[in-house]
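Remarks on the overall topology
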Amino acid sequence: MSRLFIQNLALADDASYRRVMTMTFLGLNADKSAAITDVERALILNALFRPAPPSTSDEGPPSGLLDLIKGGK
């Protein structure tokens, strides 16, 4: 249960970051006086469309007594 919660927090954090990047891009794109260059546009779009962060490989604590007795996999 805690692993799922931690993964959910990480995904929410990533979504929040992407929202900020999207709003920044749209704001700069709409403001003609900002005159963002192609290089700056590429930086923003690369950050926005980067791969999702990998999930942790931590399996967390044993879920029950049998898992605790059997040991780690």
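These notes cover the structure that comes with them. It should be emphasised that the depicted structure is a prediction, and the values quoted were computed from it without experimental measurement.

Points about the packing of helix H1 (residues 2–30) against helix H2 (residues 38–48)
Closest axis-to-axis distance for the H1/H2 pair is 9 Å, and the angle between their directions is 155°. Taken together, H1 and H2 sit at an angle that is classed as roughly antiparallel. Judged by the sense of rotation from one axis to the other, the crossing of H1 with H2 is left-handed. Of the residues in H2, those touching H1 at Tyr17, Arg18, Met21, Thr22, Phe25, Leu28 and Asn29 are Arg41, Ile44, Leu45, Ala47 and Leu48. Looking at the contact of H1 with H2, its residues break down into eight nonpolar, two polar and two charged.

With respect to the side chain of Arg18
For Arg18, the location among the structural elements is in helix H1. By relative accessible area, which is 18% here, Arg18 ends up buried. For Arg18, the side chain forms a polar contact with the main-chain oxygen of Pro51, separated by 3.4 Å. Apart from the residues lying within four places of it in its own chain, the contact partners of Arg18 are Leu48, Phe49, Arg50, Pro51 and Ala52.

Quick notes on the rules
- Residues numbered from 1 in each chain as written.
- Predicted model: local features only at pLDDT ≥ 70, side-chain atom pairs only at ≥ 80, totals over all residues.
- Heavy atoms only, no water.
- Axes fitted to C-alpha atoms, helices over the stretch in contact; angles between N-to-C directions.
- Helix = DSSP H or I, 4+ residues; strand = E, 2+ residues; numbered from the N terminus.
- Parallel < 35°, antiparallel > 145°, perpendicular 65-115°, else oblique.
- Left-handed = near helix turned anticlockwise from the far one by under 90°.
- Contact = heavy atoms within 4.5 Å.
- Nonpolar A, V, L, I, M, F, W, Y, C, P; charged D, E, K, R; others polar.
- Buried < 20%, exposed > 50% of the residue type's maximum accessible area, 1.4 Å probe, protein only.
- Polar contact = N/O pair within 3.5 Å; in protein donor to acceptor, adjacent residues only side chain to side chain.

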